[in-house]
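Listed below are the residues making up each chain.
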Amino acid sequence: MRQSQLFGRTLRDNPADAQIPSHQLLARAGFIRQLGAGLFTLMPLGSRSSLKIEQIIREEMNAVGGQEMDMPLVQPAELWQESGRYEALAGRELLAFKDHNGRENVLAMTHEEAVTTHARTEISSYRQLPLTAYQIKLKFRDELRPRAGLIRVREFKMKDAYSFHADEAGLDETYERMYDAYARIFERCGVPAVSVESDPGMIGGTAAHEFMLVTPSGEDRLALCKGCDYTANAEIAVFEKGKRSFGDPLPMEEVSTPNCETIAEVADFLSVPTAQTIKAVLYMSEDGLVFAGIRGDLEVNETKLANAVGKALRPAEDSEIRAAGIVPGYASPIGAEPSLIVGDDSLLDQTNGVAGANRKGFHFKNVNMPRDFAWDICADIALAQDGSPCASCGGALEAANGIEVGNIFKLGVKYSEAMGATFLDENGRQKPIVMGCYGIGVGRLLASAVEANYDADGILFPVSVAPFQVHIVPVGRGKAVQEAADALYEKWTDEGFEPLYDDRNESPGVKFKDSDLIGLPARVTVSERTLAQDAYETKLRRATDREIVPIEEFNLQALLDEARRLEAE
RNA sequence: CGGGGCGUAGCGCAGUCCGGUAGCGCACCUGCUUCGGGAGCAGGGGGUCGGUGGUUCAAAUCCACUCGCCCCGACCA
C-alpha cells in the first residue's frame, strides 16, 4: 500500500475523548475513528489488523474441529421470547424494533437462540454429536455505558462458537480443547492473557473461564494468587477467611453504643476486633428485602450473594430497610422481618458477636448463632480483596484489573431445554443437547494487543497482528532514492509480502514519527546515504539500534523472523 | 438511570465569568527554500460557535429547552 493513498491519517494529538493507551494510539495512528457512542469505524489499517486476528482465530477454531457458519444479525423476536431472554433484555441491551410489516425483530447480541434453533432441526441423534460450529459475526449490544475505545462498544465483531454434546463428559472434552485453542490464539496475537475462573451466573452453567489481559486499563477486577496458580474473577474469588472465635457463648445483652453507625466505630467503642462484629448489608430482590450478614472484617460480594439467592439484587433504600423493622446503622436480623436472611460462612465460627439492635444507638453483645437468630441460607458471600489469603496455598491474593478478551462457558442444557433441542441417545431416550459456548471479541482483542504492546513512541505490533509487515521509508527526494524505494515496494509486493510504502512528500522526521506510531514490526529506510553504501537501513520497532544491511544480503523474511524473535523475549 | 464534565475549523485548544468585527497551534492549499527524528519564509482556503426558542440595538458569551460526547456509579446476557 502506498501511504500517500491510505484512507485515514495520523494525528499529532490524542483525541480528547481517548483515555486509555489502546484508544489513544489506535486513533492517533489512524486505525479507528469514532462515529457515535460505542460505535467505531475500522479504517483500512484497523480493518487489516482485525482481519489478521480473525484469520488466527479461524485457523485455531478449525484446528479443533470448528465448522464456520454465518447466522443473521437481525432475528425474529419470537426466538428470544422462546428462550426467555426477551423480556429481561429487550429495551435494555437487546435492541428491538419493528420491520415494515410490523414484525418484532431484534439485533442479535449473541447467537445462542439462533444456533439452538438450528441444532434442534439438524440434530436428532447421538451419532451427530459432538459438534462445534462457530462464526465471526457482528453483534449489537446496546450497552448502558460504552467506554474505553474498542474495549466496550455497542457494535462489534465477535467470534462465537457453540458446541453440542450428548453428555457433560463430551462437553468437558471440548471445553478443554477450546481452552487450549484460546491460549494459542492470544499467544499468537501477542496478548499475554491469563485465564481466570469466572461466574457461570445464575443460569445454571456449570463452569466458566475468562481470558484476561492484566492491565490497569481493564474494567474487570481479578484476584491473582502470588503463591500458586489460583486466578479468578474477583466476582467469584474464594479465599481463606480464617476462624475467629471469641470464647464460650455468653448471654446476649443490649448495650448502648451512641453514634456508632459503622463497624469501625462499634468495634472501637466496645474495644473488640472488627472480626467480632457482624456486618449487615441490605439488598432488594423481586421477593423483597434480603439481609446479608457477614463477619465485620469482611465485605459482601454482591455477585456471590446474588448467586446464593438465585435472584437479581439491587442495594436497598432506607425506606425499604425500615419497612422491615431494621434500623440502618444498627441493623441486624434480630427482631426484624426481611424476606430472606443470608449469612456468610465466616459467621459459623464466630462466637459472642456484636450485632445491631435495630434501635438507634444500641447494639447486642454476645450474639451467637443459631441461638439468637437463624439464617435461611449460609454461603460464601465474601469479597476477596487485595492481600486476602489464598484458599489453596495461603499466599496473598493480588487484586488486579483485566480486559476480558475471551470466555468459555459450559452452558449445559439451559437453551436446549428452553427451546426443545433434543436428541435420541443410544438407548432411544430423548435428551436435551448439552451445550457450551465460547466467545472472543475481535476488536477488543485488537485493542488488547495494543494495550500489551506499545511504548512512548507508538504501537509495537506483533508481526501476526500488524496491518502491514514492513514499512518502507524513503528519505530524501533524489531520483535514485525514489526509484530504489519504488523497486523495493514492487519487489516485496510481488513476492507476497505486505509492505506499507511511505511515498508521501514529507520530511524525514514526520515519516519516522509516523512509522513509530503505526508500529509495523520492521522498517526499511532507503536514502542517498544508504544507497551510497549499496545498502538499506533496517530498524525493528522493538529494537533499539538501526542496522545497515548490504542490498545483496538483504532478506526480508529473515528480518521478520528476527522481529518475531524479539517479540518472544 | 443517578452524579460530574465537555460541545467554538480535520485535530488540540483560547475566547463565555463581565454581550460589541470568531481567534491560536497543528493539519490543509500555492510558491520558494529545506530534506535522517513532527523544517523555514511568504501567501491562502476552511467555522450555521451542537440545535431550537427567548432576552437585547447587538448573543459563541445571558436565560430556557433540547441533542450529542466523555468520565464515575448502577449494569455487563
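Below or above, wherever it landed, is the structure these notes cover.

About the thresholds
- Residues numbered from 1 in each chain as written.
- Chains lettered and ligands numbered in written order.
- Predicted model: local features only at pLDDT ≥ 70, side-chain atom pairs only at ≥ 80, totals over all residues.
- Heavy atoms only, no water.
- Helix = DSSP H or I, 4+ residues; strand = E, 2+ residues; numbered from the N terminus.
- Polar contact = N/O pair within 3.5 Å; in protein donor to acceptor, adjacent residues only side chain to side chain.
- Contact = heavy atoms within 4.5 Å.
- 1 Å grid on protein atoms, 1.4 Å probe; cavity = no way out; pocket = protein on both sides within 12 Å on 5 of 7 lines; lining within 4 Å.
- Points joined across faces, edges and corners; volume = space filled by probe spheres on them.
- Nonpolar A, V, L, I, M, F, W, Y, C, P; charged D, E, K, R; others polar.
- Pairing = 2+ DSSP bridges.
- Axes fitted to C-alpha atoms, helices over the stretch in contact; angles between N-to-C directions.
- Near = heavy atom within 4 Å.

With respect to the helices and strands, Arg541 occurs in the loop between strand S30 (535-540) and strand S31 (546-550). A distance of 2.8 Å separates polar atoms of two side chains, one belonging to Arg541 and the other to Asp455. Beyond its immediate chain neighbours, meaning those up to four positions away, Arg541 contacts Asp455, Asp457, Gly458, Ile459, Leu460, Asp516, Gly519, Leu520 and Pro521.

Turning our eyes to something else, we now look at empty space enclosed by the protein. Empty space among the atoms becomes visible once a probe the size of a water molecule is rolled across them. Tallying each qualifying case throughout the model produces two cavities of 30 Å³ or more. There is about 50 Å³ of room inside the largest cavity. Surrounding the largest cavity, His471, Ser515, Asp516, Leu520, Ala522, Arg523, Lys539, Leu540 and Arg541 form its lining. Of all elements in the fold, only helix H13 (508-518), strand S29 (522-527) and S30 reach the threshold of two or more residues within the lining of the largest cavity.

On to the layout of surface pockets. In this structure, the second largest pocket occupies an estimated 430 Å³ of space. As for the second largest pocket, its lining consists of 24 residues, and the residues nearest its centre are Phe186, Glu187, Arg188, Gly190 and Val191. Broken down by element, the residue count for the lining of the second largest pocket peaks at five residues, all from helix H6 (residues 168-188). When its residues are assigned to classes, the lining of the second largest pocket shows twelve nonpolar, five polar and seven charged.

This part is about the sheet that holds strand S4 (residues 74-76). Whenever strands of a sheet pair, they do so through backbone hydrogen bonds, lying parallel or antiparallel. Read from one edge to the other, the open sheet built from three strands follows the order S4-S6-S5, with strand pairing classed as antiparallel. Either end of the sheet is taken by a strand with one partner, and the two such strands are S4 and strand S5 (96-98). Sheet twist, expressed as the average angle between the axes of neighbouring strands with direction ignored, equals 40 degrees. Where S5 lies against strand S6 (residues 104-107), three bridges are found, and the strand directions are antiparallel. Across the sheet, residue Lys98 finds its bridge partner in S6, namely Glu104.

We now examine the protein's contact with RNA strand B. Near RNA strand B you find 44 residues, and of these Arg85, Arg141, Arg477, Asp516 and Ser527 are the closest. The sugar-phosphate backbone supplies 45% of the atoms of RNA strand B found within 4 Å of the protein. Here a phosphate oxygen of RNA strand B and a side-chain polar atom of Glu302 are 3.1 Å apart. Of all elements in the fold, only strand S1 (32-36), H13, S29 and helix H14 (528-532) reach the threshold of two or more residues within the surface near RNA strand B. With seven residues, the single largest contributor to the surface near RNA strand B is H13. Per-class residue counts for the surface near RNA strand B are twelve nonpolar, ten polar and 22 charged.

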